[in-house]
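Overview (structure and organization)
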Amino acid sequence: YVDGYRVSTMTEESTNRFTAYYTFNNHGYYSIYARCTDSSNNTVTGTKRTLTVKSAYYDDDVNNGDLIKTPCTTSAVSDPCRAVYFYGKDGKRHAFPNESVYFTWYNNFNDVKEISSSAMASITIGKNVTYRPGSVLIKFYTVPGIYAVEKKHTLRRYESTSLIRSDYGSNYSDVLVTVSDSLYGNYSVGANIDSAGDYDRSTQYNSVSSINDVL
């Protein structure tokens, strides 16, 4: 029985062993149980269990905060299946421009879900994911200056190297990333950092808890 309806008749495979087969055509949660009746019309109903039915690609299981991609059928590095998206509270998928951005938010790819290509295509593309505030310093190939990242994908240019050192230490180059000019439009530009204490890296880093906070 599935959700109270008889859907199949059991077949005796061996002594005290009976089996039945049923194909679920839709995703969802179902109550299933077996009911046995003997020749004297005595009936016993088995324990009800809840069965969760999902597609192979979790088409209907994409929720706010999920990391999603499509399954790969080729080893080509340029295949679209390599792209990972953040599914935001706005109902859109947001691409990571590169692994550098991704790893300021996550330590690995363990929680990435694969969904079908048709399911991915049905989700509107939103803004690109930007670097987590306080995680890195940014410079562009042809745009002058070094920038700190602030909440709401805002860049703030440092007025001097000494100010950079005061916030990031003498080894600030370890967290300095060079970003393609094509990604400049992903950010807005705020006021320059022109004095000590004008920018607090730790405060900015902890000002967000999810990518939703910077979209």
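Up top you'll find the structure we're talking about.
The following refers to the structure shown. Bear in mind the structure is a predicted one, so any value in this text is a computation, not a measurement. (Residues numbered from 1 in each chain as written. Predicted model: local features only at pLDDT ≥ 70, side-chain atom pairs only at ≥ 80, totals over all residues. Heavy atoms only, no water.)

**Some remarks on the overall build of the protein**
Scanning the protein from terminus to terminus reveals 4 helices and 15 strands. Against the 2.2 N^0.38 benchmark of 17 Å for 215 residues, the protein shows a C-alpha radius of gyration of 27 Å, more extended than a compact globule. Taken along the three principal axes of its C-alpha coordinates, the protein extends 95 × 35 × 30 Å. When each of the 215 residues of the protein is scored for burial, the buried share is 33%. The long-range fraction of contacts in the protein, counting pairs at least 24 apart against all pairs at least 6 apart in sequence, stands at 61%. Summing over all exposed atoms, the protein offers an accessible surface of approximately 13,100 Å²; the carbon and sulfur share of this is 44%. Taking the average place of the 21 positive charges on the side chains of the protein and the average place of its 22 negative ones, the gap between the two points comes to 2 Å. (Helix = DSSP H or I, 4+ residues; strand = E, 2+ residues; numbered from the N terminus. Rg over C-alpha atoms; globule rule 2.2 N^0.38 Å. Buried < 20%, exposed > 50% of the residue type's maximum accessible area, 1.4 Å probe, protein only. Contact = heavy atoms within 4.5 Å. Areas by Shrake-Rupley, 256 points an atom, 1.4 Å probe, with all protein chains shown as cover. Lys, Arg positive; Asp, Glu negative; His and termini not counted. Charge placed at Lys NZ, Arg CZ, Asp CG, Glu CD.)

**A look at a positive patch on the surface**
A cluster of like positive charges, contributed by Lys-89, Lys-92, Lys-127, Lys-151 and Lys-152, occupies part of the molecular surface. The topology assignment puts Lys-152 in the loop between β12 (147–150) and β13 (154–157). A relative accessible area of 43% means that Lys-152 is categorised as partly exposed. (Patch = residues over 30% accessible without salt bridge, like charges linked within 9 Å, V, L, I, M, F, W, Y side chains within 5 Å. Salt bridge = Lys/Arg side-chain N within 4 Å of Asp/Glu carboxyl O.)

**A closer look at the sheet that holds strand β10 (residues 112–114)**
Each strand in a sheet pairs with another by means of backbone hydrogen bonds, the pair being arranged parallel or else antiparallel. Ordered in space as β9-β8-β7-β10, the 4 strands form an open sheet in which the pairing is mixed. Either end of the sheet is taken by a strand with one partner, and the two such strands are β9 (93–95) and β10. Taking each pair of neighbouring strands and ignoring which way they run, the sheet shows an average axis angle of 40 degrees. In the sheet, strand β7 (residues 67–69) pairs with β10 via 3 bridges, with the strands oriented parallel. Within the sheet, the bridge partner assigned to Ile-68 lies in β10 and is Lys-113. (Pairing = 2+ DSSP bridges. Axes fitted to C-alpha atoms, helices over the stretch in contact; angles between N-to-C directions.)

**What to know about unusual backbone geometry**
Look at Asp-3: it is not a glycine, yet its phi comes out positive at around 50 degrees. Topologically, Asp-3 is positioned in the segment before β1 (11–14). The backbone phi angle of Asn-41 is positive, close to 70 degrees, even though this residue is not glycine.

**Comments concerning the pattern of salt bridges**
It is possible for side chains of opposite charge to pair when their charged atoms get near one another. Enumeration according to the criterion identifies 4 salt bridges in this entry. One salt bridge connects Glu-114 with Lys-69, and the closest N-O pair in it is separated by 3.8 Å. Residue Glu-114 is found in strand β10, and its partner Lys-69 is found in strand β7; the two are separated by 45 residues along the sequence. Here Glu-150 and Arg-156 are joined by a salt bridge, their closest N and O atoms 3.0 Å apart. Assessed through its relative accessible area of 19%, Glu-150 is described here as buried. One salt-bridge network, in which partners are shared between bridges, spans Glu-150, Arg-156 and Asp-198.

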